[in-house]
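So the chains spell out like this:
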Amino acid sequence: MKLIVKTLTTAALALSMALPAVAADYTMRLSHGDNENNPTHKGALKFEELVEKYSDGRIDVQIFPSNQLGSEQEVAQALRMGSIESEILYTGNLVPLAPSAGVMMLPYAFTSNEEAHAAMDALKGPLNERLPKEAGVRVLGYFEKGFRVLTNGEREVKSLDDLQGLKIRVSKNNIAIETFKSWGLDPIPMAWAEVFPALQQGVIDGQENPYTTAISSKFYEVQKYITEVHYLIWSGPIIVSERYYQGLPADLQEALNKAGEEAAMYEREVSAEETAAAKEKLVELGMTLSGAPVDEEKWQEAAKALWPEFAADIGGEAWVAEATQIMTDAIA
Ligand code: MLT
């Protein structure tokens with residue numbers, strides 16, 4: 001009897017190895033710019049799992065981390081053309097292509113992660129009325145990684161005076177550039193993939209990104225000081241090429257939307273846990289965490305005064321008025 005069972009099992013195994021795996025109907029490459037230790041990647045893995053579940057395996061998601069398919073801005077362009085299917089990217093890297101998404105970048109618009117969540121969830125529908133025409137992409141859900149904090153290797157920054165003269169990298173968009181200019185700096189716009197080597201080589205003194213990125217990208221090896229400038233929360237939409245999306249049957253479009261929203265909830269939880277752990281770890285690793293600047297109101301005043309000027313960069317006055325109302329209602 002044992003021999004028969006063993007023979008049948010071996011035969012079944014041989015048969016299963018001989019048969020090709022059932023191919024999915026659609027392949028969806030998903031690019032992002034962070035490495036596998038970052039909450040973005042953990043959220044991407046959850047998104048993959050959920051898409052494959054809700055599509056009954058008809059969509060095969062393939063994740064490409066660490067800018068393997070190109071910089072965040074280059075990949076967003078490829079989505080517009082339909083040559084890459086999907087991406088998770090920092091809003092700041094999407095804005096040059098899709099200005100309307102920039103309302104999430106208005107400096108000091110949010111005082112907590114919860115406020116940002118409410119705003120980004122309320123904006124998803126209205127943005128999907130605009131972004132397909134504007135940039136050939138649509139939003140499936142929004143990741144969030146907390147406030148971007150300023151790191152540098154030169155000196156403790158506790159005030160605007162301490163900041164002066166530092167060479168700080170910002171993402172390549174006008175809002176980030178002008179915000180840092182309002183604080184008296186001449187910031188250096190640079191693609192994300194170039195930041196670590198630029199810090200290492202002293203081309204720049206500092207940068208700003210969430211606490212979790214300071215850990216996953218090992219900034220503690222080349223940076224010493226952190227200041228909590230609460231000007232901007234890292235928001236990052238999961239975007240899909242509109243061409244690809246429109247080529248899917250309605251039930252699979254629904255699967256993507258559901259997976260996007262649920263993966264975002266998961267990533268926000270992971271991010272909150274990892275942010276708390278990252279702060280402790282960075283101190284253990286020798287970094288000095290200074291908290292908020294002592295003159296935070298001055299930073300706020302200078303940056304918030306620019307809001308009217310940003311309208312042209314983020315979709316025009318009518319959209320900014322509509323979007324800020326949506327955000328205000330969502331937060332209330
Ligand atoms: C950036 O600073 O360009 C981004 O925050 C990087 C990222 O996507 O994590």
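Residues numbered from 1 in each chain as written. Predicted model: local features only at pLDDT ≥ 70, side-chain atom pairs only at ≥ 80, totals over all residues. Heavy atoms only, no water.

Caption draft 1: How the structure looks around the packing of helix 5 (residues 113–135) against helix 14 (residues 317–331). Running from N to C, helix 5 and helix 14 point in directions that differ by 140°, and their axes come no closer than 8 Å. By the angle class used here, helix 5 and helix 14 are oblique. As helix 5 runs across helix 14, the sense of the crossing is right-handed. The segment helix 5 lies against helix 14, with Glu115, Ala118, Ala119, Ala122, Leu123, Pro126, Leu127 and Arg130 engaging Trp319, Ala323, Ile326, Met327, Ala330 and Ile331. Its residues assigned to classes, the contact of helix 5 with helix 14 shows 12 nonpolar, no polar and 2 charged. (Axes fitted to C-alpha atoms, helices over the stretch in contact; angles between N-to-C directions. Helix = DSSP H or I, 4+ residues; strand = E, 2+ residues; numbered from the N terminus. Parallel < 35°, antiparallel > 145°, perpendicular 65-115°, else oblique. Left-handed = near helix turned anticlockwise from the far one by under 90°. Contact = heavy atoms within 4.5 Å. Nonpolar A, V, L, I, M, F, W, Y, C, P; charged D, E, K, R; others polar.)

Caption draft 2: Looking closely at the pairing of strand 2 (residues 59–64). Side chains Ile59, Val61 and Ile63 project from strand 2 onto a buried face, and the interleaved Asp60, Gln62 and Phe64 project onto a face without burial. As paired elements, strand 1 (residues 26–32) and strand 2 share 6 bridges and run parallel to each other. Each bridged residue has a counterpart across the sheet, and for Arg29 the counterpart in strand 2 is Gln62. (Buried < 20%, exposed > 50% of the residue type's maximum accessible area, 1.4 Å probe, protein only. Pairing = 2+ DSSP bridges.)

Caption draft 3: Just the environment of Ala109, in detail. Along the polypeptide, Ala109 turns up in the loop between helix 4 (91–94) and helix 5. A C-alpha to C-alpha distance of 22 Å links Ala109 and Ala276, two positions 167 residues apart in sequence. Residue contacts for Ala109: discarding those within four places in its chain leaves Glu115, Trp307 and Met327.

Caption draft 4: How the structure looks around the confidence of the model for the protein. Scored by pLDDT, the protein has a mean of 94; 93% of the residues are at 70 or more. Per-element confidence in the protein is highest for strand 3 (residues 86–88), whose mean pLDDT is 99, and lowest for helix 1 (residues 2–18), whose mean pLDDT is 46. Here the predicted complex scores 0.93 on pTM and 0.98 on ipTM. (pLDDT = per-residue confidence, 0-100.)

Caption draft 5: Fine view of the sheet that holds strand 1. Here we have 5 strands laid out as an open sheet, ordered 2-1-3-10-4, and mixed in their pairing. Looking at strand neighbours, the two that pair on one side only are strand 2 and strand 4 (137–147), the edges of this open sheet. This sheet shows a mean twist of 20° between the axes of neighbouring strands, independent of strand direction. Relative to strand 10 (residues 233–241), strand 3 is paired through 3 bridges, and the arrangement is antiparallel. Each bridged residue has a counterpart across the sheet, and for Glu87 the counterpart in strand 10 is Ile239. Along the sheet face, helix 5 touches strand 4 and strand 10 and points at about 150° away from the line of strand 4.

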